[in-house]
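# Survey of secondary and tertiary structure
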Amino acid sequence: MLDAIYRAARGRIGVLAAELGDHQLRTPVPATPGWTVHDVLAHLVGGAADALAGRLDGAPGDSWTARHVAERHDRAVDELLAEWERAAPAVESGLPEQFTGPNLAADVICHEADLHEALGLPRTDREHWQPFLDVLGNLPGRRLRDTATLVISDELGQQWRCGSGDSVTMVRADGYELLRGLFSRRSRRQIAGWDWSSEPSAQLVDGFGVFGHRDDDQPIPRT
C-alpha cells in the first residue's frame, strides 16, 4: 500500500512542480522555516536518491535534510524530477505494506501538504493521507500519564481513545487539521483552538506532534 501512496504522491507533486514559475519556486514554506518550495522538492528528491545509494548517515536529522537542499540548490525542476524518477523504485521497494512509523511515504505526504499550504492551494485529498491519520491518531496517548484519558474525534466520527486515566478530556477537529497537528504542522495556539471539552493543559496540547511542538501559526488551506 505505501509504495502506491508514495508513487501517486510523487506523480502529483511532479505535475505541480512542472507548472510552477521561478517566483513560486522561491516561495517560502512556513511549515519548513528557511526552505522555499524548490528546497522542499530538493529534499524529497534527495531522500529518494539517498535511499537508492544507501546513503542514510544522519537520517532523518537536520544535517541529512540540509544536504539534500544544498546539493541541489542550482538544479532546475526538470532535473530534480528526472532524478526522483530514477531513484523512486528503490524507495518503493523498501517501504512496508502498512504505516507504523516514520518513512519516506509519510514524508512525501506531509511535504505535499506543506507545498499546498505555502502556495495557497486547496488541501490535499483525504484518501491520500487517511492511512497516516489512522495510526498517528494514537500518538498523544503515548505521552499521557495513566491519570488522564484523551478522546480524539474527527468530523466523520472516527475516534481515538488515548490513555487510561479517570480524568477524560475530549477534542474534536477536522481530520486534515488533526493530521497536520500530529505532523507538527500546527502551533500550540492552533491546537488549543480546536473544539475541546474543557481548556486543555499544556501537556495535552504538547502531546500532539511527531516532531515536537511549534509556536508559529501555520496557514490553513481552503477545502
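Residues numbered from 1 in each chain as written. Predicted model: local features only at pLDDT ≥ 70, side-chain atom pairs only at ≥ 80, totals over all residues. Heavy atoms only, no water.

The next point concerns the overall build of the protein chain. What the protein chain contains, in helices and strands, is 10 helices and 4 strands. Along the protein chain, from the amino end to the carboxyl end, the secondary structure elements read α-α-α-α-α-α-α-β-β-β-α-α-β-α. In terms of overall dimensions, the protein chain is globule-like: its C-alpha atoms have a radius of gyration of 18 Å, near the 17 Å expected for 223 residues. Principal-axis analysis of the C-alpha atoms gives the protein chain an extent of 55 × 35 × 30 Å. (Helix = DSSP H or I, 4+ residues; strand = E, 2+ residues; numbered from the N terminus. Rg over C-alpha atoms; globule rule 2.2 N^0.38 Å.)

Moving on, we get to the sheet that holds strand S2 (residues 159-163). A sheet is described by the order of its strands in space; here 4 strands give the open sequence S2-S1-S3-S4, paired in mixed fashion. Both outer strands of the open sheet, S2 and strand S4 (195-196), are each paired with one neighbouring strand and no more. As paired strands, strand S1 (residues 148-153) and strand S3 (residues 167-172) are joined by 6 bridges and run parallel to one another. Counted as the bridge partner of Val151 is Met170 from S3. (Pairing = 2+ DSSP bridges.)

This next bit is on the side chain of Arg72. Inspection of the secondary structure assignment puts Arg72 in the loop between helix H4 (62-71) and helix H5 (77-94). A polar contact of 3.3 Å, which involves the side chain of Arg72, links it to the backbone oxygen of His68. Every residue in contact with Arg72, bar those within four places of it in the chain, is listed here: His38, Ala42, Val45, Gly46, Ala49, Leu80 and Glu83. (Polar contact = N/O pair within 3.5 Å; in protein donor to acceptor, adjacent residues only side chain to side chain. Contact = heavy atoms within 4.5 Å.)

Let us now look at the nonpolar core. Grouped together as the largest cluster of nonpolar side chains are 60 residues, with contacts concentrated most on Tyr6, Trp84, Phe132 and Phe208. Broken down by element, the residue count for this core peaks at 9 residues, all from helix H6 (residues 104-118). (Core = buried A, V, L, I, M, F, W, Y, C linked by side-chain atoms within 4.5 Å. Buried < 20%, exposed > 50% of the residue type's maximum accessible area, 1.4 Å probe, protein only.)

Our next topic: unusual backbone geometry. Phi at Ser184 takes a positive value of approximately 60°, unusual for a residue other than glycine. With respect to the helices and strands, Ser184 occurs in the loop between helix H8 (175-182) and helix H9 (188-192). Residue Ser184 is classed as buried on the basis of its relative accessible area of 5%.

Moving on: the packing of helix H3 (residues 37-53) against H4. Where H3 contacts H4, the axes come no closer than 7 Å and their chain directions differ by 110°. Between H3 and H4, the angle falls in the class roughly perpendicular. Read as a crossing pair, H3 and H4 show a hand that is right-handed. For the pair H3 and H4, contact is made by Asp39, Ala42, His43, Gly46, Gly47 and Asp50 and by Trp64, Thr65, Arg67, His68 and Val69, respectively. Its residues assigned to classes, the contact of H3 with H4 shows 3 nonpolar, 5 polar and 3 charged. (Axes fitted to C-alpha atoms, helices over the stretch in contact; angles between N-to-C directions. Parallel < 35°, antiparallel > 145°, perpendicular 65-115°, else oblique. Left-handed = near helix turned anticlockwise from the far one by under 90°. Nonpolar A, V, L, I, M, F, W, Y, C, P; charged D, E, K, R; others polar.)

Below, the discussion takes up the pairing of S1. In terms of burial, S1 is largely enclosed, as 6 of its 6 residues are buried. Of the two faces of S1, the one lined by Ala148, Leu150 and Ile152 and the one lined by Thr149, Val151 and Ser153 are each fully buried. Where S1 lies against S2, 5 bridges are found, and the strand directions are antiparallel. The partner of Thr149 across the bridge, within S2, is Gly163.

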